[in-house]
Amino acid sequence: MTKLNEMETKIEKHLDYPFLSQYIKKPEIDRDKLLLLLSFLDNLEVPAKSKENYALTTMLLQTALDTHDQVTNDAMDESNQRNIQLTVLAGTYFSGLYYRLLAKQNEIDVIRVLSEGVETVNDEKITFYQKDFDEIDTLISSLAKIEASLFKKLAGYFSVNHWEELFHSFLLLKRLMAEKEKFLHKQKSALFDALKKLIFSKQEQSLKELSPEQKKYLLLICDRYIDYSKELLAKARKNIPLLNSVLEERIDHLLGKHHVVLKSLAEEG
């Protein structure tokens, strides 16, 4: 936990850019991804300074990707033009920091590996948000790549396959749960929008206009993949014998958190 807090502080210092902070929301650091990354790096036999650089630069890239996600599809006008432009600029600036930090250490191979991860994430985001899928498995696979590709690329570079599995299952499970919560609270959910288009392709109504039975069906599908992701996470965890207690507790929380919530939707009918 001390390492987690210290690294978060270091990342925040690099993200602190006074001009940008006047106009855009403060970048949020995904503590779960940072926890996974630090836990993974802690198992590597590399110098402590290299571990710090890998953690710092990978999370700067992740924050850059998250910052670009804040740009909406709303039409640009005078009221939001500056915010949209600066948000894009901020994401580009954060991603540039990773390159500068690794280049200073002559970590050219790691620059290449992380760049490949970013390319995969961006390609999958285009596919995902266009909702161009023929089957649900492909949709969920795309979501998993968006969440975990950056970290899996780093694990693959160090030939640690069991960590790739943990990254995949942990981050997919977390994203599925988050999308479900959004849907249940009538917030915009990219996943449920894509599921609606795939399953009810002939229905012209919006996601909110679906019948209670249709909403229940979408939830059942999401629950199926949540349960499957939990099985994958439990299996991946067993392949890593020396997980730290903080990550163990977080995994326990994820595995025990999910409950099927359908009663309120059924009552609507």
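Please refer to the structure placed before this passage.
All values derive from a computational prediction rather than experimental measurement.

Student: Got a minute to help me understand the pattern of salt bridges in this structure?
Tutor: Side chains that carry opposite charge are capable of pairing whenever their charged atoms lie near each other. All told, the structure shown has 18 salt bridges when counted by the stated rule. A salt bridge links Glu 147 to Arg 175, with the shortest nitrogen-to-oxygen separation between them at 2.5 Å. Of the two residues, Glu 147 is situated in helix α7 (residues 136-157) and Arg 175 in helix α8 (residues 161-184); the sequence distance between them amounts to 28 residues. You'll find Glu 147 and Arg 175 in the same group, each marked buried. Between Glu 179 and Arg 175 there is a salt bridge, and its shortest N-O distance comes to 2.8 Å. Note that Glu 179 and Arg 175 are positioned in helix α8 at a spacing of 4 residues, about one turn of the helix. Here Arg 175 falls in the buried class, since its relative accessible area comes to 14%.

Student: It is not clear to me how the nonpolar core should be interpreted in this structure. Could you clarify?
Tutor: As a rule of thumb, nonpolar side chains are buried together in soluble globular proteins. If you look at the biggest cluster of nonpolar residues, it comprises 74 residues, and the most contacted ones within it are Ile 11, Phe 40, Trp 163, Leu 166, Leu 191 and Leu 247. No other element matches the 11 residues that α7 contributes to this core. Ignoring anything within four residues of it in the chain, the contact list for Leu 191 reads Phe 128, Leu 139, Ile 140, Leu 143, Leu 176, Glu 179 and Cys 222.

Student: When you look at the layout of surface pockets in this model, what are you seeing that I'm missing?
Tutor: The calculated volume of the second largest pocket comes to roughly 410 Å³. Looking at the second largest pocket, it is lined by 17 residues, and the ones nearest its centre are Lys 3, Leu 4, Leu 38, Ser 39 and Asp 42. Contributing elements (two or more residues each) for the lining of the second largest pocket: α1 (2-15), α3 (31-42) and α4 (48-69). Residues of the lining of the second largest pocket, tallied by class, amount to 8 nonpolar, 2 polar and 7 charged.

About the criteria used
Residues numbered from 1 in each chain as written. Predicted model: local features only at pLDDT ≥ 70, side-chain atom pairs only at ≥ 80, totals over all residues. Heavy atoms only, no water. Salt bridge = Lys/Arg side-chain N within 4 Å of Asp/Glu carboxyl O. Helix = DSSP H or I, 4+ residues; strand = E, 2+ residues; numbered from the N terminus. Buried < 20%, exposed > 50% of the residue type's maximum accessible area, 1.4 Å probe, protein only. Core = buried A, V, L, I, M, F, W, Y, C linked by side-chain atoms within 4.5 Å. Contact = heavy atoms within 4.5 Å. 1 Å grid on protein atoms, 1.4 Å probe; cavity = no way out; pocket = protein on both sides within 12 Å on 5 of 7 lines; lining within 4 Å. Points joined across faces, edges and corners; volume = space filled by probe spheres on them. Nonpolar A, V, L, I, M, F, W, Y, C, P; charged D, E, K, R; others polar.

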